[in-house]
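Listed here are the chains, written in short residue letters.
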Amino acid sequence: RKQTVRSCVLVLDIADLVDEDKQNPSPSPSSSQQHFVLLKRPDKGLLAGLWELPNIIVEDGGCDSEENSKGTMEPKASAKVSDDTNDGTVGRSALISHLHKTLGTIGIARHICREDMREVGSFVHVFSHIKQKNLVDCLVVQCTSQQLKTVKPNANSDDDSDGIKLVSVESNFKFSTSVMKAIKLYGERENKGKQKKETKSKAK
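(A) Representation of the overall build of the protein in the model. Check the secondary structure of the protein and you find three helices and seven strands. Seen in sequence order, the protein has helices and strands lined up from the N terminus as β-β-β-β-α-α-β-β-β-α. Sorting the 204 residues of the protein into buried and exposed places 41% on the buried side.

As structure tokens, this is what we get:
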């Protein structure tokens, strides 16, 4: 069956995070570290226990109620999610609501807003019996380690808090194929942005 999904490459730019062997209590630009936010799927059902980007299904080409109920991010009342804007970003408001609800426990939800979110592209991913079109948004949130509360940035740990994991952008974490495709789109956008800044800087 066919599905359309909207996901978010959510990056936390943790301003005061420093290495444990460096006794530096004051935040500085050099100590800033970026981490991807991953959420864990339910322990039962399709792709059980998989770490994935925050996402919602905005359109489902057809599924039975039993299968749909196993994915906490799938819409239950309708097979299609509507949006309250006409800017073509269907599902973004629902995705923002999902982020607020899911990430409220780590103290950054108030920094997540629609205006700062940008679409970086889309891709098609096929797994099992599902052909999925993934609309990818990105959002970088500035925060401090204190705001993260119970969640600790640790790419090598299997431990998680409330199904949330923070993975360093520089780690060798084994992302799923779908997550890797989305992160690639985000990386390409970041590289284009850097190139534009460098061009402007040389022109001055």
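Now that the structure is up, let's keep going.
(B) Layout of the environment of Ser 7. Residue position: Ser 7 is located in strand β1 (residues 2–14). Separated by 172 residues in the primary sequence, Ser 7 and Val 179 have C-alpha atoms spaced 9.4 Å apart. Once you skip the residues sitting within four places of it in the chain, Ser 7 turns out to touch Leu 53, Pro 54, Asn 55, Leu 95, Asn 134, Leu 135, Val 136 and Asp 137. Side chain to side chain, Ser 7 and Asn 134 meet in a polar contact 2.7 Å long.

(C) Molecular detail of the pattern of salt bridges. The full count for this structure, using the stated rule, is six salt bridges. For Arg 6, the salt bridge is made with Asp 137, and the minimal N-O distance between the two is 2.9 Å. Taken together, the residues span a long stretch of sequence, with Arg 6 in strand β1 and Asp 137 in strand β6 (residues 130–143) at a distance of 131 residues. In this structure Asp 137 comes out as buried when scored by relative accessible area, which is 0%. Note that Arg 189 is salt-bridged to Glu 190, the shortest N-O span being 3.7 Å. Under the relative-accessibility criterion, Glu 190 is labelled partly exposed at 28%. Each of Arg 6, Arg 92, Glu 119 and Asp 137 takes part in salt bridges that share partners, so that together they form one network.

(D) Structural view of the nonpolar core. Counting residues in each nonpolar core, the largest one holds 23 residues, and the members touching the most others are Leu 10, Leu 12, Val 37, Leu 99, Leu 103 and Ile 112. Looking at this core, the elements that each hand over two or more residues are β1, β2 (33–40), β4 (55–60), α2 (92–103), β6 and β7 (164–168). In terms of nonpolar packing, the next biggest core, distinct from the first, is built from 17 residues, Phe 36, Val 167, Phe 175 and Leu 185 among them.

(E) Examining the environment of Asp 43 more closely. Looking at the element boundaries, Asp 43 is found in the loop between β2 and β3 (51–52). Those residues in contact with Asp 43 that sit more than four places away from it in its chain are Ala 48 and Gly 49.

(F) Focus on the environment of Leu 47. Note that Leu 47 resides in the loop between β2 and β3. C-alpha of Leu 47 to C-alpha of Ser 128: the two residues are 81 residues apart in sequence and 9.7 Å apart in space.

(G) Molecular detail of the pairing of β2. Examined bridge by bridge, β1 and β2 share four bridges and lie antiparallel to one another. Within the sheet, the bridge partner assigned to Asp 13 lies in β2 and is Gln 34. Where β2 meets β7, five bridges bridge the pair, whose relative direction is antiparallel. Residue pairing for β7: Leu 39 is matched across the bridge by Ile 164. As paired elements, β2 and β3 share two bridges and run antiparallel to each other.

Reading the values: rules and limits
- Residues numbered from 1 in each chain as written.
- Predicted model: local features only at pLDDT ≥ 70, side-chain atom pairs only at ≥ 80, totals over all residues.
- Heavy atoms only, no water.
- Helix = DSSP H or I, 4+ residues; strand = E, 2+ residues; numbered from the N terminus.
- Buried < 20%, exposed > 50% of the residue type's maximum accessible area, 1.4 Å probe, protein only.
- Contact = heavy atoms within 4.5 Å.
- Polar contact = N/O pair within 3.5 Å; in protein donor to acceptor, adjacent residues only side chain to side chain.
- Salt bridge = Lys/Arg side-chain N within 4 Å of Asp/Glu carboxyl O.
- Core = buried A, V, L, I, M, F, W, Y, C linked by side-chain atoms within 4.5 Å.
- Pairing = 2+ DSSP bridges.

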